[in-house]
Amino acid sequence: MKLNTYVKGKAGMTLIELTIVILVLLTLISVLFIGAKAYKDGADNATCILNQEQVQKAIRSHQNMNAKNDGDTFTKTDIFGDENDSSKVGILAFPTEPTDPDTAYTENGSGIYPAVGSPYITCATTKGEVHAPESFQGW
């Protein structure tokens with residue numbers, strides 16, 4: 001009886017096949033991370049614009065409740081409260097920028113009611129990003 005040492009077909013994968021499989025998986029994972037980053041950036045942009053809109057609505061509400069005109073002055077603690085004095089609660093807490101918490105919103109005319117269609121706060125992060133809606137109409 002002759003012993004056959006040759007085996008038909010191979011069991012397992014070669015090193016090159018394994019390398020290609022790992023490369024494809026890493027490529028798919030990198031595409032996933034790029035998509036997740038773009039999604040997060042879009043969500044942060046939307047959050048920032050919504051913060052600006054909420055501040056604008058709070059200011060308009062305070063302006064209407066007190067029968068004030070555009071250009072009149074107001075005390076910021078009436079709208080935003082005072083974080084150092086818990087007895088002075090405002091309509092809204094002043095928001096922080098979602099992508100860069102160390103960056104504060106820029107106030108356009110601090111303590112002055114803005115004209116209709118112009119924002120009270122704007123956002124420009126230290127990373128150079130500008131979060132602004134296409135139009136401020138209706139704010």
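Located above this text is the structure these notes cover.
Cut-offs applied
Residues numbered from 1 in each chain as written. Predicted model: local features only at pLDDT ≥ 70, side-chain atom pairs only at ≥ 80, totals over all residues. Heavy atoms only, no water. Salt bridge = Lys/Arg side-chain N within 4 Å of Asp/Glu carboxyl O. Helix = DSSP H or I, 4+ residues; strand = E, 2+ residues; numbered from the N terminus. Buried < 20%, exposed > 50% of the residue type's maximum accessible area, 1.4 Å probe, protein only. Core = buried A, V, L, I, M, F, W, Y, C linked by side-chain atoms within 4.5 Å. Contact = heavy atoms within 4.5 Å. Pairing = 2+ DSSP bridges. Axes fitted to C-alpha atoms, helices over the stretch in contact; angles between N-to-C directions. Phe/Tyr/Trp six-rings, centres within 6.5 Å; stacked < 30°, edge-to-face > 60°.

Chemist: Before we go on, may I ask you to explain the pattern of salt bridges in this structure?
Modeler: Opposite charge on two side chains allows them to pair when their charged atoms are near. Evaluation of the coordinates by the stated rule reveals 5 salt bridges. In this structure, lysine 76 and glutamate 107 form a salt bridge, with 2.7 Å as the shortest nitrogen-oxygen distance. A residue pair is termed long-range when its members are at least 10 positions apart, and lysine 76 in helix α2 (residues 76-80) and glutamate 107 in strand β1 (residues 106-107) qualify at 31 residues. Owing to a relative accessible area of 30%, lysine 76 belongs among the partly exposed residues under this scheme.

Chemist: Even after reading the chapter, I still don't get the nonpolar core, so can you show me in this structure?
Modeler: It is characteristic of soluble globular proteins that their nonpolar side chains tend to be buried jointly. One finds Cys48, Val55, Ala58, Ile59, Phe74, Ile79, Phe80, Tyr105, Tyr113, Tyr120, Ile121 and Cys123 forming the largest nonpolar core, which totals 12 residues. Those elements giving two or more residues to this core turn out to be α1 (15-65), α2 and β2 (121-124). Among the elements that line this core, the one with the most residues is α1, at 4 residues. Here isoleucine 59 is in contact with Phe74, Ile79, Phe80, Tyr113, Pro114 and Tyr120, once residues within four sequence places are set aside.

Chemist: Honestly, the sheet that holds β1 in this entry has me stumped. Any pointers?
Modeler: The strand order across the open sheet formed by 3 strands is β1-β2-β3, and the pairing between neighbours is antiparallel. Of all the strands in the sheet, the pair left with one neighbour each is β1 and β3 (130-131). With 2 bridges connecting them, β2 and β3 associate as antiparallel partners. Considered in β3, the bridge of cysteine 123 is made with histidine 131. Contacts from α1 reach β2 and β3, with the element oriented near 160° to β2.

Chemist: Just to check I follow, could you spell out the packing of aromatic side chains for this structure?
Modeler: Applying the stated rule across the entire model yields 5 aromatic pairs. Ring plane angle 50° and centroid distance 5.8 Å describe the contact between phenylalanine 74 and tyrosine 120, whose orientation is recorded as tilted. Residue phenylalanine 74 is located in the loop between α1 and α2, and its partner tyrosine 120 is located in the loop between β1 and β2; the two are separated by 46 residues in the primary sequence. When its relative accessible area of 10% is taken as the criterion, phenylalanine 74 is described as buried. With a relative accessible area of 0%, tyrosine 120 lands in the buried category. Centre to centre, the rings of phenylalanine 94 and tyrosine 105 are 6.5 Å apart; their planes meet at 80°, and the pair counts as edge-to-face. Residue phenylalanine 94 is found in the loop between α2 and β1, and its partner tyrosine 105 is found in the loop between α2 and β1; the two are separated by 11 residues along the sequence. A connected cluster of aromatic rings, assembled from ring pairs, spans Phe74, Phe80, Phe94, Tyr105, Tyr113 and Tyr120.

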